[in-house]
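So the chains spell out like this:
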Amino acid sequence: MNDIEAWVWWLVGAAALGIPLVVTAMPEFGMLAVGAVAAAIGAGLGLGAVAQVLVFIVVSVALIAVVRPIAARHSAQRPQLATGVDALKGKQAVVLERVDGSGNGRIKLAGEIWSARSLDTDRAYEVGEHVDVVDIEGATAIVI
């Protein structure tokens, strides 16, 4: 065991920290793994054991203190670009078959034909009218 250099042990530790990173999807393990790689570099450069541990601690704590709040802030933000059915909300469509509250009507929305129903069950839209999509429920557009 004494024949194996310290930097190898640090790389083994980094790989070992990568396993729970993949299994638990906790990015903190990745930050600790980067700290272990930094300590391996320090060991390769000839730093002593105490300095290697200090490099590991400083890099790991710095990454957790700096990267984690930034990542939390970004994950809390809503995406700027709406995709899927969210992108269709607020779009204008053309009535192809009479639309009322029953859900039997058809509209042309974003080049596709959708089933549609009126948000106001007492209101009906005739063929050729323009309507606004307010929501999508399954494969049915809710229009006004």
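The structure this text deals with has already been given above.
So, a few notes on the structure that sits alongside this text. Here the structure is a predicted model, which means the values were calculated and not measured.

Quick notes on the rules
Residues numbered from 1 in each chain as written. Predicted model: local features only at pLDDT ≥ 70, side-chain atom pairs only at ≥ 80, totals over all residues. Heavy atoms only, no water. Helix = DSSP H or I, 4+ residues; strand = E, 2+ residues; numbered from the N terminus. Rg over C-alpha atoms; globule rule 2.2 N^0.38 Å. Buried < 20%, exposed > 50% of the residue type's maximum accessible area, 1.4 Å probe, protein only. Contact = heavy atoms within 4.5 Å. Areas by Shrake-Rupley, 256 points an atom, 1.4 Å probe, with all protein chains shown as cover. Expected span 1.5 Å × (residues − 1). Core = buried A, V, L, I, M, F, W, Y, C linked by side-chain atoms within 4.5 Å. Salt bridge = Lys/Arg side-chain N within 4 Å of Asp/Glu carboxyl O.

## Brief notes about the overall build of the chain
Then, number 1: The helix and strand inventory of the chain stands at four helices and five strands.
Then, number 2: Tracing the chain from N to C terminus, the helices and strands come up as α-α-α-α-β-β-β-β-β.
Then, number 3: Whereas a compact globule of 144 residues would reach a radius of gyration of roughly 15 Å, the chain reaches 29 Å, over 25% beyond that.
Then, number 4: Along the longest, intermediate and shortest principal axes, the C-alpha atoms of the chain span 85 × 25 × 20 Å.
Then, number 5: A total of 144 residues make up the chain; the buried ones form 26% of that total.
Then, number 6: Taking the contacts inside the chain whose residues are at least 6 apart along the sequence as the reference set, 49% of them involve residues at least 24 apart.
Then, number 7: For the chain, the accessible area works out to roughly 9300 Å², and carbon and sulfur atoms hold 63% of it.

## Considering unusual backbone geometry
Then, number 1: One non-glycine residue, A25, lies in positive phi territory at about 60 degrees.
Then, number 2: For A25, the location among the structural elements is in the loop between helix 1 (6-24) and helix 2 (27-44).
Then, number 3: Its identity is not glycine, yet A110 carries a phi of approximately 55 degrees, on the positive side.
Then, number 4: Tracing the chain through its elements places A110 in the loop between strand 2 (105-109) and strand 3 (112-118).

## Digging into helix 3 (residues 49-76)
Then, number 1: A rise of 1.5 Å per residue sets the reference length of helix 3, with its 28 residues, at 40 Å; its end C-alpha atoms lie 40 Å apart and thus fit the reference within 8%.
Then, number 2: Within the sequence span of helix 3, burial applies to Q52, F56 and S60.

## Structural notes on the nonpolar core
Then, number 1: Core analysis: the largest hydrophobic core is formed by 14 residues, its most contacted members being I107, L109, V133 and V143.
Then, number 2: The dominant element in this core, judged by the number of residues it contributes, is strand 4 (residues 130-137), at three residues.
Then, number 3: Excluding its chain neighbours within four sequence positions, the residues that come into contact with V133 are L88, K89, G90, K91, A93, I107, L109, A141, I142 and V143.
Then, number 4: In this structure, W10, A33, A36 and A43 belong to the second largest nonpolar core, which totals nine residues.

## Topic: the pattern of salt bridges
Pairing between side chains of opposite charge can happen when the charged atoms of each approach one another.
Then, number 1: Taken as a whole, this structure holds six salt bridges when the rule is applied.
Then, number 2: A salt bridge links D86 to K89; the shortest N-O distance between them is 3.4 Å.
Then, number 3: Judged by its relative accessible area of 36%, K89 falls in the partly exposed class.
Then, number 4: We note a salt bridge from R117 to E137, for which the minimum N-O separation is 2.9 Å. On the criterion of sequence distance, the pair formed by R117 in strand 3 and E137 in strand 4 is long-range, its members being 20 residues apart.
Then, number 5: Here R117 falls in the partly exposed class, since its relative accessible area comes to 21%.
Then, number 6: The class of E137 is partly exposed, set by a relative accessible area of 42%.
Then, number 7: Here the residues in one salt-bridge network are D86, K89 and D135, joined through shared partners.

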